[in-house]
Each structure stands twice: as C-alpha cells, then as structure tokens.
Amino acid sequence: MALLTHLLACTFGMGSWVAINGLWVELPLLVTVLPEQWDLPSYITIIIQMANVGPLFVTLMHHFRPGLLKEVAVIYVVVSIGVVACGLLAFLWSHTSHIAGRSHSTAFLVLTFFLALVDCTSSVTFLPFMMQLQPQYLTTFFIGEGLSGLIPALITLGQGSGISSCFNISHMVNITTGNETVETTIYQLETRYLPANFSTLVFFLLMTLMMLACLLSFFFLTRKPKVWELSQRQLFPSSIVLSSFDQLPDEGAGSRLSGRCPCPKDAKEPGDILPKKVFYPLAKLIFIYFLITWVSALTNGVLPSVQSYSCLPYGNTAYHLAATLSSMANPLACIVAMVLPNRSLTLLGILTTVGTGFGAYNMAIAVMSPCPLLQQSEWGDATIVLSWVLFTGTLSYVKVMAGVILRGRSHSALVLYGVVEQLGSLLGALVMFPLVNIYGFFKSADYCSLQCPA
C-alpha cells in the first residue's frame, strides 16, 4: 500500500504544473506559428501572474473565514477546470483574432489563463493537502511536481518541435542602372522549420490525459487514512492529544504517558508518523521565505520571459534543448533532494547565489540578442544550454528543501510558502513584461539571416 500511495502522490504532484510546463516546452514550436512570436513567453508569464487571483482568494478565505473553504472541494474544482481547458486548447490553440489592429492568439491566451489559474491555485492547496498524509510522501509529491516538467519535455523530444534548418533561397530581382534594366538572381538564407513528428493537437491531448490522471490520483488519495488517524490507530488504542507526541523522549514514553498501555515492541515510533516540529528563529524564517520569493521570481517570472531571446540567437536546436533539458533538471533536483537532503540554510544560500549567477549569464545573453557571445561557436550553444540546466537544477533544489523545512512546522507555513512563491513570480513578471513588450529592450532576429560583426 505504501508503494501505491507513493505512486498516487507522485501523479497528484505531477498535475500541479504539468499544463503550464507543457506550454513552456512546446514554445519552440508555438513561437513559429502564433503571431506573438518571440514575445510569446513574456505574454505567458504575465498571464500566469494574473491568475494569482486564485491563490489570493484561497489565502484570504483561510485568513478571514478559516474552515469555510474546503481544500478537497477546491482541488476537485481546479483540477477539473484544468482537464477541460487542456482539452479545449488542443483544438483551439491556433485560433487568432485582431485586437487594436494587431493579430493575437486570443483563444490560446485565454485558455492559458485558466490553465495558469489551476496551477497557481495548486501552490496553496496541493501542499497543505499533503499535510494530511505521512511526511515521507511530501518528497514524492515534489518529485511528481518535477515530473510535470520532465514528462512534457520527453514528449517534445519525441515530437521534435521547433527544429529548423537554413536554406539558400534564390530570388529574381530587376536592377536598373541608368536606362538599362538587368534581371539578376540573388541568394538569401532563410529559416525553414522541419515538420514535427506529431501535431500540437496530439501534444495537448496528452497533457489532458495527464490532468485526468492527476484527478483520479487525488480521488484515491482522499480515501487514504489521514496522518492523525494513523497515529491514533497504530500507536495507541486510546485517544491521545497529538501535540504530546513531540514531547515523547524515548521508546518507553508511550507506556509512561498512558500509565497502563505499553506499546508493542514492533510498533512504529511516533517520529515515523508525525515528525518533530522544527523551530527556527524569526530571522531564519524570514530568510527562508526570502529565498523562496527570490527563487520563484527568477524561475517563474524573470528568466522565462527572456528564454527565447537568450537561446534563439544560437538556433532553434539550442532553444529546443535548453527548454527541454532545463525542464528535466527540475525532477532530477527533487530526486537529489530526496537522496541527499540538507537543511543547512548556509548551503541553501550558497546554492541560491550560484543559481542566480547562471541566471545572470542567461539574462546577459538575452540583452546581447541577437548577437551574443560565441554565437557562431559550438561552445556558445553548449554553454547556454548548460547554463539553463544548472540554473533550473540548483534553484529547484533550494525550493524543495525549503518546502521540506516548512513541512516540519505547520499547515499555515506551507500555505505561506505557496503565497510567497506566487508573490515572487508576480514581481518577476511585472518587472519583465514592460521591458519585453512595451520598451522593446530585447531584440529578435531570424537566426539564418543574422548580420553580426565577426
């Protein structure tokens, strides 16, 4: 049963961000079709932040009307919305309309909002729900959350989305010199996109199936015994106040507490079911939440807005690999966190600094677009892909360990985790959207026809 619960928790976690992560890894194909082109990532980023009305509503309800909003009911509603929105996106993603004289992918952007509403709300509902299960399932949940990026990335690898080649195209032009007109052939390199192995329709239908799997997993998880039910049933036949478990110093504490009912020798220790609460000074708690806010701003708001500008100057293959492999780095970081957990705040601070350094490199390359460093070199391609992978991997580890630390405190600590995660994402997106879409700070160009100085 434990293995089955791990599988259910993993599948449930996978549904938390699978829809939006699917959009990110499909971007190399979407930017070649939708009218927003290279600006599409920044549109998606700001729409995701607009969807924070979902977690804001849930948080306010928890604060002003505690107990009124049932997490199980909210999760059923948001995941069902995700299933429907994914299904509609499969058929309507390419529909466009004219707004203010410009063509926009209206259906895609509207449905993206609903998918983002689902995923953002999951930040303040899925994690608190996991408090009802035994603590070892939380890391499994984070692995599933990482798989929400890995599985779509593997699908896009098989799809071969956004792969392009440069073709030498000839054009006949008339050149007039004085009274004489001469017909001349000129040659120009143009980008031609290779057909994908399967369509975007199939890709979004696969995302719909993953959301359905999340819904079914949640249904079965709600049928599992809650952690406090397990503790009362397995540890003691009589009802005992759960907070007293943290005060049990050794193996015989149970018999001394009850006075008449010794525990069986093979019974599980209280710590196996309810972990001891970890208390941190206020300054350290502020530091933890600052790390979450900073990491979320970089990974969910700032850098995703400019990924196309930092990768496409090196070609669509580099963009495809960076988007796909960086998504794979997330679950790998979760697995590392499970195998090699480390709650040292010093280490988390160092990893945040290292990850920020890789993010700064990615940002610098985006600023230099369309003529960044090492553009005509294979070292440039490898460096930008590796930088994106290490940026995502290091900061994902920090987020997972921050969640594990706060899991040992309380339900409200995890709710606040989700709040500051979305707050950081919002701040990052609000900073980047005007820079990309209003002030035109970042420049795009056709890779095959770039005219860059040697």
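Since this is a predicted model, take the numbers as computed values, not measurements.

Just checking my understanding: could you explain the overall build of the protein chain for this structure?
Of regular secondary structure, the protein chain possesses 18 helices and 4 strands. Taken over 454 residues, the protein chain has a buried fraction of 51%. When contacts within the protein chain are restricted to residue pairs at least 6 apart in sequence, long-range pairs at least 24 apart make up 81% of them.

Please clarify how unusual backbone geometry should be interpreted in this entry.
A negative phi holds for most residues other than glycine; trans holds for most peptide bonds. A cis amide bond links Ser369 to the next residue, Pro370, at an omega of 10 degrees. Along the chain, Pro370 falls in the loop between helix 16 (345-368) and helix 17 (378-407).

How do you make sense of the pattern of salt bridges when you look at a structure like this?
Taken as a whole and assessed by the stated rule, the structure comprises 1 salt bridge. Glu421 is paired through a salt bridge with Lys399; the nearest N and O atoms lie 3.1 Å apart. Of this pair, Glu421 sits in helix 18 (residues 411-438) while Lys399 is found in helix 17, placing the two residues 22 residues apart along the sequence. A relative accessible area of 7% means that Glu421 is categorised as buried. For Lys399, a relative accessible area of 15% gives the class buried.

What's the story with the packing of helix 5 (residues 71-92) against helix 6 (residues 106-122) in this structure? I'm lost.
For any two helices packed against each other, the geometry is given by the interaxial angle and the distance between the axes. Contact geometry for helix 5 and helix 6: axes closest at 9 Å, N-to-C directions at 155 degrees. Of the possible angle classes, the one that applies to helix 5 and helix 6 is roughly antiparallel. Our pair here, helix 5 against helix 6, has a crossing hand that is left-handed. Along the contact surface, helix 5 presents Val74, Val78, Val79, Ile81, Gly82, Ala85, Cys86, Leu88, Leu89 and Leu92, while helix 6 presents Ala107, Phe108, Leu111, Phe114, Leu115, Val118 and Thr121. Grouping the constituent residues of the contact of helix 5 with helix 6 by class yields 15 nonpolar, 2 polar and no charged.

What should I look at first to understand the packing of aromatic side chains in this one?
Geometrically, a pair of aromatic rings is defined through the distance of the ring centres and the angle of the planes. For the structure on display, the rule yields 13 aromatic pairs. Between Phe12 and Phe129, the ring centres sit 5.7 Å apart and the planes meet at 75 degrees, which makes this aromatic pair edge-to-face. You can see Phe12 sitting in helix 1 (residues 2-14) and its partner Phe129 sitting in helix 7 (residues 126-130), a full 117 residues away along the chain. Phe129 matches Phe12 in its accessibility class, with the two residues each being buried. Considering the side-chain rings of Phe113 and Phe114, the 5.6 Å spacing of their centres and the 75 degrees angle between planes classify their relative orientation as edge-to-face. Note on Phe113: relative accessible area 23%, which makes it partly exposed. Residue Phe114 is classed as partly exposed on the basis of its relative accessible area, which comes to 35%.

Before we go on, may I ask you to explain the environment of Cys166 in this structure?
When you line up the elements, Cys166 lands in strand 3 (residues 164-177). Cys166 gets classed as partly exposed once you look at its relative accessible area, which sits at 39%. Sequence separation between Cys166 and Gly315 is 149 residues, and the spatial gap between their C-alpha atoms is 9.8 Å.

Help me understand the nonpolar core, please; the structure alone is not making it clear to me.
Generally speaking, soluble globular proteins have nonpolar side chains that are buried together. Grouped together as the largest cluster of nonpolar side chains are 117 residues, with contacts concentrated most on Phe12, Leu40, Phe108, Met130 and Leu406. Top element by residues in this core is helix 17. It accounts for 13 residues.

I tried to follow helix 9 (residues 200-221) on my own but got confused; where do I start?
Residue pairs spaced three or four apart in an α-helix point in one direction, given the helix's 3.6 residues per turn. Taking 1.5 Å per residue as the helical rise, helix 9 with its 22 residues ought to reach 32 Å, and the 32 Å between its terminal C-alpha atoms agrees with that figure. Along helix 9, the residues classified as buried are Thr200, Phe203, Phe204, Met207, Thr208, Met210, Met211, Cys214, Leu215, Ser217, Phe218 and Leu221. Looking at the buried residues of helix 9, the elements they touch are helix 1, helix 2 (18-30), helix 5, helix 6, helix 7 and helix 8 (136-159).

Where do I start with the packing of helix 2 against helix 8 in this structure?
One way to put it is that helix 2 packs onto helix 8 with a least axis distance of 8 Å and a crossing angle of 30 degrees. If you check the angle between helix 2 and helix 8, you find them roughly parallel. Of the two elements, helix 2 crosses helix 8, and the hand of that crossing is right-handed. Two secondary-structure elements touch here, helix 2 through Val18, Asn21, Gly22, Val25, Glu26 and Leu29 and helix 8 through Ser148, Gly149, Pro152, Ala153, Thr156 and Gln159.

Honestly, the environment of Pro35 in this entry has me stumped. Any pointers?
When you line up the elements, Pro35 lands in the loop between helix 2 and helix 3 (40-50). A C-alpha to C-alpha distance of 6.6 Å links Pro35 and Ser105, two positions 70 residues apart in sequence. Excluding anything up to four places from it in sequence, Pro35 contacts Thr96, Ser103, His104 and Ser105.

What is the right way to read the side chain of Thr11 from this model?
Its location among the elements puts Thr11 in helix 1. Side-chain polar atoms of Thr11 contact the backbone oxygen of Leu7, separated by 2.9 Å. With near-sequence residues (within four places) excluded, Thr11 lies in contact with Ala213, Cys214 and Ser217.

Would you explain a nonpolar patch on the surface in this entry?
There is a patch of nonpolar side chains on the surface, built from Val84, Leu88, Phe91, Leu92, Leu201, Val202 and Leu205 and spanning about 560 Å² of accessible area. Of all the secondary structure elements, the ones that give two or more residues to the nonpolar patch are helix 5 and helix 9. Take the nonpolar patch: its biggest share by element is 4 residues, from helix 5. For Phe91, a relative accessible area of 56% puts it in the exposed group.

Rules of the game
- Residues numbered from 1 in each chain as written.
- Predicted model: local features only at pLDDT ≥ 70, side-chain atom pairs only at ≥ 80, totals over all residues.
- Heavy atoms only, no water.
- Helix = DSSP H or I, 4+ residues; strand = E, 2+ residues; numbered from the N terminus.
- Buried < 20%, exposed > 50% of the residue type's maximum accessible area, 1.4 Å probe, protein only.
- Contact = heavy atoms within 4.5 Å.
- Salt bridge = Lys/Arg side-chain N within 4 Å of Asp/Glu carboxyl O.
- Axes fitted to C-alpha atoms, helices over the stretch in contact; angles between N-to-C directions.
- Parallel < 35°, antiparallel > 145°, perpendicular 65-115°, else oblique.
- Left-handed = near helix turned anticlockwise from the far one by under 90°.
- Nonpolar A, V, L, I, M, F, W, Y, C, P; charged D, E, K, R; others polar.
- Phe/Tyr/Trp six-rings, centres within 6.5 Å; stacked < 30°, edge-to-face > 60°.
- Core = buried A, V, L, I, M, F, W, Y, C linked by side-chain atoms within 4.5 Å.
- Expected span 1.5 Å × (residues − 1).
- Polar contact = N/O pair within 3.5 Å; in protein donor to acceptor, adjacent residues only side chain to side chain.
- Patch = residues over 30% accessible without salt bridge, like charges linked within 9 Å, V, L, I, M, F, W, Y side chains within 5 Å.
- Areas by Shrake-Rupley, 256 points an atom, 1.4 Å probe, with all protein chains shown as cover.

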